[in-house]
Amino acid sequence: SLPTLGPRHGMGVLHRALQLRTVEVTPQNRVRFRDFSRSRLAEAQTIAPALDEEHPSAAFQAPGTPLELLQPRDDVYSLALCLTQWLRGNASDQPDHAAAREWVATYPQVGGFLKQCLAPRYDERPDAAEAAAATAPPPSPRLTPGRTVDPAPGPRPNVMAPGAVVDGRYRLDRALAEHAV
């Protein structure tokens, strides 16, 4: 998700309303940002409609920054807070920023970096390009001539039956339309 944010900022677009509901992962495992109605172009004085503290994304904004003054590293903060909420399994629209920073620091591999993204001070956070570089997967090993690699297994079919786990994380309580007439 952090590599997806970098190109948007590179085009001069600041989202300003990242929250759990505006970040989605497609079935192809690509990250997509929705709701650019509150975005701002870096070179323009863009006034977003309903840009106030009542908007649901306000709870995901970096502390101490008025919405009209948000900058790219504030988008990084909001996205890191969304990622932390998902890692914690917390779908709350009112995240506890201090608790998120404390919890994510203990998370393996990416926790220390996400904590840096959640730094209260703007200048202590990475920008989107730095965040993308820090979270990029390691390069693939080079193949030597004559050596073959087994192809990755294809996607596993989802079983739609009670008790089945879909996409490795959703357990079905009962089949859809189970009691339909």
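Read on for an overview of the structure. (Residues numbered from 1 in each chain as written. Predicted model: local features only at pLDDT ≥ 70, side-chain atom pairs only at ≥ 80, totals over all residues. Heavy atoms only, no water.)

Looking now at helix H1 (residues 2-10). Those residues of H1 that fall on the buried side of the exposure criterion are Leu2, Thr4, Leu5, Gly6 and His9. Buried residues in H1 make contact with strand E1 (13-14), strand E3 (31-33), helix H2 (72-88), helix H4 (111-117) and helix H5 (128-135). Where H1 terminates, the next one or two residues include Gly12, which has phi positive at roughly 90°. (Buried < 20%, exposed > 50% of the residue type's maximum accessible area, 1.4 Å probe, protein only. Helix = DSSP H or I, 4+ residues; strand = E, 2+ residues; numbered from the N terminus. Contact = heavy atoms within 4.5 Å.)

The next point concerns the environment of Arg88. Take Arg88: it is sitting in helix H2. Residues Arg88 and Val104, spaced 16 residues apart in sequence, show a C-alpha to C-alpha distance of 8.3 Å.

Within the structure shown, the criterion is met by four salt bridges. Notably, a salt bridge pairs Asp93 with Arg21, separated by 2.8 Å at the nearest N-O pair. With Asp93 in the loop between H2 and helix H3 (97-104) and Arg21 in the loop between E1 and strand E2 (23-25), this pair connects stretches of sequence that are 72 residues apart. The partner of Arg125 in a salt bridge is Asp74, and the shortest N-O contact between them spans 2.7 Å. Of this pair, Arg125 sits in the loop between H4 and H5 while Asp74 sits in helix H2, and the two are 51 residues apart along the sequence. For Arg125, a relative accessible area of 2% puts it in the buried group. Overlapping salt bridges, with partners in common, bring together Arg121, Asp123 and Glu124 in one network. (Salt bridge = Lys/Arg side-chain N within 4 Å of Asp/Glu carboxyl O.)

Turning next to the packing of aromatic side chains. Throughout the structure, instances matching the rule amount to one aromatic pair. Ring geometry for Trp103 and Tyr107: centres 5.5 Å apart, planes at 40°, overall tilted. On the basis of relative accessible area, Trp103 is assigned to the partly exposed category, the value being 29%. (Phe/Tyr/Trp six-rings, centres within 6.5 Å; stacked < 30°, edge-to-face > 60°.)

This next bit is on the packing of H1 against H2. Look at H1 against H2: their axes get within 11 Å of each other, and the N-to-C directions meet at 160°. Taken together, the axes of H1 and H2 lie roughly antiparallel to each other. Where H1 crosses over H2, the two elements pack in a sense that is right-handed. Residues Leu2, Leu5 and His9 of H1 form the contact with H2, whose own contacting residues are Pro72, Asp75, Val76, Leu79 and Leu83. Of the residues in the contact of H1 with H2, the class split is six nonpolar, one polar and one charged. (Axes fitted to C-alpha atoms, helices over the stretch in contact; angles between N-to-C directions. Parallel < 35°, antiparallel > 145°, perpendicular 65-115°, else oblique. Left-handed = near helix turned anticlockwise from the far one by under 90°. Nonpolar A, V, L, I, M, F, W, Y, C, P; charged D, E, K, R; others polar.)

Nothing here speaks to function; it is all geometry.
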